Amino acid sequence: MSLAICPGSFDPITLGHLNIIRRASKIFDKVVVCIMVNSTKMTPMFSIDERVDMAKRVVERLPNVEVDTFDGLLAEYAKKYDDAVIVKGMRAASDFEYEFQMNLINKKINPDLETMFLTASEKYTFLSSSVVREMASYGAELTGFVPCEIIDEVKNKAKIWRDRNGK
Ligand code: ADP
């Protein structure tokens, strides 16, 4: 059985992420969306439980996709499965350098681990979780950026942040 791992911080999951997950689910028998806990990125807006819950709701209708979480290195997580392939989205040249480096590190830890890249869909090349967080913090409309199932939750969380920071 072919298996893809789509890793990331998903803070929150966006339509760009979902586009990659959906396309991977057509290529592989099974896709595991792995929400990484120990991201080196700044303090997340959503807790790990909130991110997992949102991702689960969003992929509910994709029968061969499941959501997992891991606190550690992706290359270690991948050892849990036989022949898992990492699938990532490639938005722009700026993604390439980082991903190339990550791939080399992953290979050092787990030499059999392969990474495949799907080019971002044209309409989502600009989209990232940080763009969504920024837009939400200013009360902007999120339709077309995050899946409709989680729009209210993202808006509510952003409002709490806004009120807390006195914006
Ligand atoms: P972000 O960069 O949005 O904070 P993550 O760290 O959660 O997202 O990224 C997880 C994976 O999803 C990465 O491989 C990233 O390249 C990919 N990805 C994120 N946004 C998009 C998008 N708009 N289109 C395609 N792939 C994306």
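About the cut-offs
Residues numbered from 1 in each chain as written. Predicted model: local features only at pLDDT ≥ 70, side-chain atom pairs only at ≥ 80, totals over all residues. Heavy atoms only, no water. Buried < 20%, exposed > 50% of the residue type's maximum accessible area, 1.4 Å probe, protein only. Helix = DSSP H or I, 4+ residues; strand = E, 2+ residues; numbered from the N terminus. Contact = heavy atoms within 4.5 Å. Phe/Tyr/Trp six-rings, centres within 6.5 Å; stacked < 30°, edge-to-face > 60°.

Q: Is there a simple way to think about helix H5 (residues 129–137) in this case?
A: Along an α-helix, residues three or four apart share an orientation, since each turn contains 3.6 residues. Every buried residue of H5 is listed here: Ser129, Val132, Arg133, Met135, Ala136 and Ser137. Where H5 is buried, its residues meet helix H1 (15–27) and helix H6 (151–164). Of the residues one or two after H5, glycine 139 is the one with positive phi, at around 75°.

Q: Looking at this structure, I do not really get the packing of aromatic side chains. What am I missing?
A: To describe a pair of aromatic rings, one takes the distance between the centres and the angle between the planes. Applying the stated criterion to the full structure yields four aromatic pairs. Between phenylalanine 96 and phenylalanine 100 the ring centres are 5.4 Å apart and the planes differ by 35°, which places this aromatic pair in the tilted class. Of this pair, phenylalanine 96 and phenylalanine 100 both sit in helix H4 (residues 93–109), four residues apart, roughly one helical turn. The exposure class assigned to phenylalanine 96 is partly exposed, which follows from its relative accessible area of 46%. The partly exposed category is assigned to phenylalanine 100, whose relative accessible area is 46%. Consider the rings of phenylalanine 126 and phenylalanine 145, whose centres lie 5.9 Å apart with planes at 90°: the pair is edge-to-face. Of this pair, phenylalanine 126 sits in the loop between strand E5 (114–119) and H5 while phenylalanine 145 sits in the loop between H5 and H6, and the two are 19 residues apart along the sequence. On the accessibility criterion, phenylalanine 126 (44% relative accessible area) is partly exposed. Within the aromatic cluster, the residues linked to one another by ring pairs are Phe70, Tyr77 and Tyr81.

Worth remembering: the numbers are spatial, not functional.
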